[in-house]
Amino acid sequence: MASIIPDTFHKAQSAIMGSKDDKISDLSQDTKQMSEKGRLTTDYGVKQTTADDWLKVVSEDKTGPMLLEDPFARERIHRFDHERIPERVVHARGTGAFGKFKVYESAEDVTFAPVLTDTSRETPVFVRFSTVLGSRGSADTVRDVRGFAVKFYTQEGNWDIVGNDIPVFFIQDAIKFPDVIHAGKPEPHNEVPQAQSAHNNFWDFQFNHTEATHMFMWAMSDRGIPRSYRMMQGFGVNTFTLLNARGERHFVKFIFTPELGVHSLVWDEALKLAGQDPDFHRKDLGEAIENGAFPKWKFGIQVIPEADEHKFDFDILDATKVWPEELVPTRYIGELELNRNVDEFFTQTEQVAFCTSHVVPGIGFSNDPLLQGRNFSYFDTQLSRLGTNWQELPINRPVCPVINFNRDGAMRHTITKGTVNYWPNRFEHSKPATHEEGGYVEYAEKVAGIKARARSAKFREHFSQAQLFWNSMSPIERNHITNALAFELDHCEDPVVYERMVNRLTDIDLGLAQAVAEMVGAEVPTKANRPNHGLRALGLSQTEFPGATPTIKSRRIAIIVADGYDPVAYAAAYGAISAGMAIPLVIGTKRSKITAAGGSSSVRPHHHLEGFRSTMVDALFIPGGEQSVNTLAKNGRAMHWIREAFGHLKAIGATGGAVELVRLAVALPQVTLSASGDVMESYGVVTLGQTKPESLGEVVQIAKGSKNFLEEFFFAIAQHRNWDRELDGLHSQV
Ligand code: HDE
């Protein structure tokens, strides 16, 4: 077949290509730097002598009435009064960062889009992560689906993948979106609960709307409580299409898989963090980028040739279904990296506007009924959130030229020179592009049918992949799903809701339904609504994405000290943690100076034990030092730190006298601790005891030694959590 995309297309594109950080230099035109040289002015540029006193009539020593004539004061109050814009109707809570995208293996067999074929290109991106249900000020670590929205500023225009960390959705047809969101958001009579799916209405809807079954299983899995935005996958969810130069069309799904592996919090930790550090994920992303530990994802595509559309026992346009890896393997072709924090939250993260309808030549839509509705919604919602001309906002404008006759409207700020604003015109200004010049190519799809409110028969099957998901989980993951369902249904007061939901679970797995029923006080079912087909699929369990090389990079490691701590163990650990690009956080009994044993050195801790919590770190290290250990042993909060970290399955390292401290805190005979100078690892607790009073020389081996304490400890941290503790039920005994 002859190419529909002539070579000149690519030439035309490279001619307009700029430098790789185009978006950042584009934004700099609108960026102001505050400095001590600048003087306070009004919005109209007049310098002001005070920001403190309204103009008044004052008599002697008394303060008199304020004058409405004061334009400076009025401007300040008026500007303040209008600072808020509506928050996003969903995904209101989020955070974003800049980065770059690079394709390392051309996908030219399936698309002519240079962003996916040109391996010499770096495309600037902005990514926003979010939760779905909570308001803008809600907590980061709640159980919810996470948004993963990517704006590629390509040379052919903006391309947005507005994805989630879960590959399927609750509904098949966009018309149901208001219902599923109303059911999940706070209830209408009292606006309770905030950012939670654990309530009557959410579960009432899940029961009544059976196509949600697959998705709620994902939301109840550990994917619903990620450890970090940097440790979750991103999925475009909807089925898009790719068009190649030969004019052939393929169906496609887009996937991002994190370099660091897919990892989650444990539920108790997520709950506590919601109160202890509601900005946990926001800070985590900013901190990693700040420290140069740039998060990275492999970018993959799953591709189905048009001719194979109907070869599957599910409809490939149904967003409640995954394309199992065994049938459609993911082909990883590129890399996404985030490497720059925003300069200002509102003008960048809050004002960024994503639209599924924003695609570039070579990428198109399918008849996925969810996607088609989304293509309307995103464009529309930006009007009530940002107003018309939102595309002109610095964060939203493309890096390539925008040339058209869209004009005027509130807050228009582009000034276009020229005497005509219509096409056709006598000057041929803003002439439509040919395909050779890079004009968007619409795929000539043959469509015939009757108008009807209907879906294909395969859309009516709602349980098979929910079973597939459940069957593909590891025992730990199943345990977590069971507990999550038990938690959620415990928050549903209406017996109709939890009784019926337990019944629904028998459509997935009888054992699951029985375990949940027992916990929530529902009638325990004795038979399944349908048999479990027993099939499993790859890539559903998050344990299958452990991360390429175990690493401590970007993990927060607390070093707990009191006066009299062992300075050599401390320094060795601190140095090695920093060298590994992890974050050492010194936690003291106080934040003022803490002096090491011998008095030769001291440290000012980053936080004190009351001010910070174990939930905010990935691992603990406690150096010995007799006085320090004795102080910590008498400090309930210190003991709680160790117990809680153990309960949350985190790696714990201790040397010298601190081994005894861990023994006291954990108090479980199953956990074997080192009693001598040998390094021991047991249930992710790594210890190096000592037979004789601590000698500095001996502990220096921590840094240099052969069976290296730090190596063992870091390996335990890199495993993310010690699941053996949970399998053996130890975590709940501390
Ligand atoms: Fe969205 N969604 N959505 N959604 N969505 C919005 O657009 C909508 C869906 C997703 O960081 C809104 O700009 C409909 C699936 C993300 O700014 C709104 C339907 C997926 C974000 C909207 C869906 C998503 C949004 C609200 C069903 C995963 C945050 C604010 C047909 C693939 C983007 C906004 C950001 C935001 C509508 C379903 C992901 C109202 C109608 C499926 C990540 O337009």
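Residues numbered from 1 in each chain as written. Predicted model: local features only at pLDDT ≥ 70, side-chain atom pairs only at ≥ 80, totals over all residues.

- An unreviewed UniProt entry lists the protein under the name Catalase, from Lasiosphaeria hispida.
- Its UniProt record, at the heading Sequence similarities (unreviewed entry), says of the protein: "Belongs to the catalase family."
- The record held by UniProt for the protein lists under Cofactor (unreviewed entry) the comment "heme". (UniProt positions renumbered as here; feature names shortened; annotations may be inferred.)

**Re the sheet that holds strand β18 (residues 679-682)**
Thinking step 1. Taken together, seven strands build an open sheet; the order of strands is β15-β12-β11-β16-β17-β19-β18 and the sheet is mixed. Strands at the two margins of the open sheet, each flanked by one partner only, are β15 (607-608) and β18.
Thinking step 2. Of the strand pairs in this sheet, strand β11 (residues 556-561) and strand β16 (residues 619-622) are connected by three bridges, and their pairing is parallel. Bridging across to β16, Ile-559 finds its partner in Phe-621. (Pairing = 2+ DSSP bridges. Helix = DSSP H or I, 4+ residues; strand = E, 2+ residues; numbered from the N terminus.)

**Re the site of the ligand**
Thinking step 1. Residues in close proximity to the ligand total 25 residues, the closest being His-91, Gly-147, Ala-174, Val-237 and Ser-377.
Thinking step 2. Elements supplying a minimum of two residues to the shell around the ligand: β2 (123-131), β3 (146-154), β4 (157-164) and α11 (369-385).
Thinking step 3. In terms of residues, the shell around the ligand owes the most to one element, α11, which gives six residues.
Thinking step 4. The class makeup of the residues in the shell around the ligand is 13 nonpolar, nine polar and three charged. (Near = placed C-beta within 6 Å. Nonpolar A, V, L, I, M, F, W, Y, C, P; charged D, E, K, R; others polar.)

**Notes on the pairing of strand β17 (residues 651-655)**
Thinking step 1. Summarising burial for β17: five of the five residues are buried, a large majority.
Thinking step 2. Side-chain alternation along β17 places Ala-651, Gly-653 and Thr-655 on one buried face and Ile-652 and Ala-654 on a second face that is also buried.
Thinking step 3. In terms of strand pairing, β16 meets β17 through four bridges, oriented parallel. Among the inter-strand pairings, Ala-619 is bridged to a residue of β17, identified as Ala-651.
Thinking step 4. Alignment of β17 against strand β19 (residues 685-688), held across four bridges, turns out to be parallel. Across the sheet, the residue bridging to Ile-652 is Val-685, located in β19. (Buried ≥ 20, exposed ≤ 12 C-beta atoms within 10 Å, placed from the backbone.)

**Digging into the UniProt feature "active site" (unreviewed entry) in the protein**
Thinking step 1. Residues given the UniProt feature "active site" (unreviewed entry) here are His-91 and Asn-164. Maximum C-alpha separation among the annotated residues is 10.4 Å over a sequence range of 74 residues, consistent with a single clustered spot.
Thinking step 2. Summarising the element assignment, His-91 is placed in the loop between α3 (71-81) and β1 (94-103).
Thinking step 3. Once residues lying within four places of it in the same chain are set aside, the contact partners of His-91 are Ser-130, Val-132 and Gly-147.
Thinking step 4. Relative to the assigned elements, Asn-164 resides in strand β4.
Thinking step 5. The buried category is assigned to Asn-164, around which 24 C-beta atoms lie within 10 Å.
Thinking step 6. In contact with Asn-164, not counting residues within four places along its chain, are Val-145, Arg-146, Gly-147, Phe-148, Phe-235 and Val-237. (Contact = placed C-beta atoms within 7 Å.)

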